[in-house]
Amino acid sequence: MTTNQMKIAALVVLGLLWGGILAWEWLTVEEPVRVPLANVSGPASTPRATRGTVDGLHVQLDLLAAARTQREMTFTTPRNIFALPHLDDLGVARTNEPELDPGSEQALRQQAALAGLAQFHYLGFVRMEEGWRKKSELAVLTKNDDLHVVRTGETVEDHIVVKAITQESVTLQDRQSRVEHTVLLSEEAPLQP
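Throughout what follows, the structure given in this document is the object of discussion. Everything numeric in this text was worked out from a predicted model, so none of it was measured.

**Re the overall build of the chain**
Summing up its helical and strand segments, the chain has four helices and seven strands in all. Shown N-terminal to C-terminal, the secondary structure of the chain runs as helices and strands in the order α-α-α-α-β-β-β-β-β-β-β. Per-residue burial for the chain yields a buried fraction of 23% across its 193 residues. Here the analysis covers contacts within the chain between residues at least 6 apart in sequence; of these, 45% occur between residues at least 24 apart. For the chain, the exposed surface amounts to about 15,800 Å²; the carbon and sulfur share of it is 59%.

**Here's the deal with helix α4 (residues 105–117)**
Taking 1.5 Å as the rise per residue, α4 with 13 residues should run 18 Å; its terminal C-alpha atoms sit 18 Å apart, in good agreement. Buried residues of α4: A107, Q110, A113, L114, G116 and L117, and no others. For α4, the secondary structure elements touched by its buried residues are β1 (120–127), β2 (137–143), β5 (160–165), β6 (169–174) and β7 (180–184).

**Points about the sheet that holds β2**
With antiparallel pairing, three strands are arranged side by side in an open sheet as β1-β2-β3. The sheet terminates laterally at β1 and β3 (146–150), the two strands that pair on one side only. Within this sheet the neighbouring strands show an average axis-to-axis angle of 20°, counted without direction. Taken together, the five bridges between β2 and β3 define a ladder with antiparallel strand orientation. Note on β3: the bridge partner recorded for T142 is L147.

**Section: unusual backbone geometry**
With a phi angle near 55°, N144 is a residue other than glycine that sits in the positive phi range. As for its placement among the helices and strands, N144 is situated in the loop between β2 and β3. On the basis of relative accessible area, N144 is assigned to the exposed category, the value being 63%. Positive phi, normally seen in glycine, also occurs at D158, with a value near 65°.

**A few points about the nonpolar core**
Ranked by size, the top nonpolar core spans 16 residues in total, and within it F120, Y122, L141, V162, V170 and L172 carry the most contacts. Those elements that provide at least two residues to this core are α4, β1, β2, β5 and β6. Looking at which element gives the most residues to this core, the answer is β5, with three residues. When sequence neighbours within four positions are dropped, the list of residues in contact with L172 reads L117, F120, L141, I160, V161, V162, V179, E180, H181 and V183.

**Brief notes about the sheet that holds β6**
Taken in spatial order, the four strands make up an open sheet running β4-β5-β6-β7, and their pairing is antiparallel. Where the open sheet ends on each side, the last strands, each with one partner, are β4 (155–156) and β7. Bridge count between β4 and β5: two bridges; the pairing is antiparallel. Each bridged residue has a counterpart across the sheet, and for V156 the counterpart in β5 is I160.

Procedures and definitions
- Residues numbered from 1 in each chain as written.
- Predicted model: local features only at pLDDT ≥ 70, side-chain atom pairs only at ≥ 80, totals over all residues.
- Heavy atoms only, no water.
- Helix = DSSP H or I, 4+ residues; strand = E, 2+ residues; numbered from the N terminus.
- Buried < 20%, exposed > 50% of the residue type's maximum accessible area, 1.4 Å probe, protein only.
- Contact = heavy atoms within 4.5 Å.
- Areas by Shrake-Rupley, 256 points an atom, 1.4 Å probe, with all protein chains shown as cover.
- Expected span 1.5 Å × (residues − 1).
- Pairing = 2+ DSSP bridges.
- Axes fitted to C-alpha atoms, helices over the stretch in contact; angles between N-to-C directions.
- Core = buried A, V, L, I, M, F, W, Y, C linked by side-chain atoms within 4.5 Å.

Here is the structure:
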């Protein structure tokens, strides 16, 4: 016998051996035991009623009427808290500021400080737990692209002090010129330069 014939004979013997093992397993495997399912927990299921019966169907007119009134309600657009204040709001905000002689040097400094304070926009108000801290109100202010989250008494940009925070406005004071400015809650988005 040549080596090729020996290899073929070994391959046939191994194939017969594997075939015998597969046939033996196939014949000796028991069929799985079939057990009917039982509802162990919860209520037993009942067959569904056929569609032809009308006894189980009820129209709930009160729910239909409530859905109709909800659809007919008018929708009011929510207030935009990220908006700039209107011009009339700015006039109201500046009424608490003192009148100055327009020619004096102090008046020019105060007007420059007021212009710097007017660049702030009040975006929102956050109230923390009432019993946790006395100064728990937070205000979210923006100036240009800078975002500031401040409390009463904190300093912004090294020369502006937050005097008071309410839900509608924030009062800022310039340390150098002592000018106070009330920034109202913004209703429109700030303009991008």
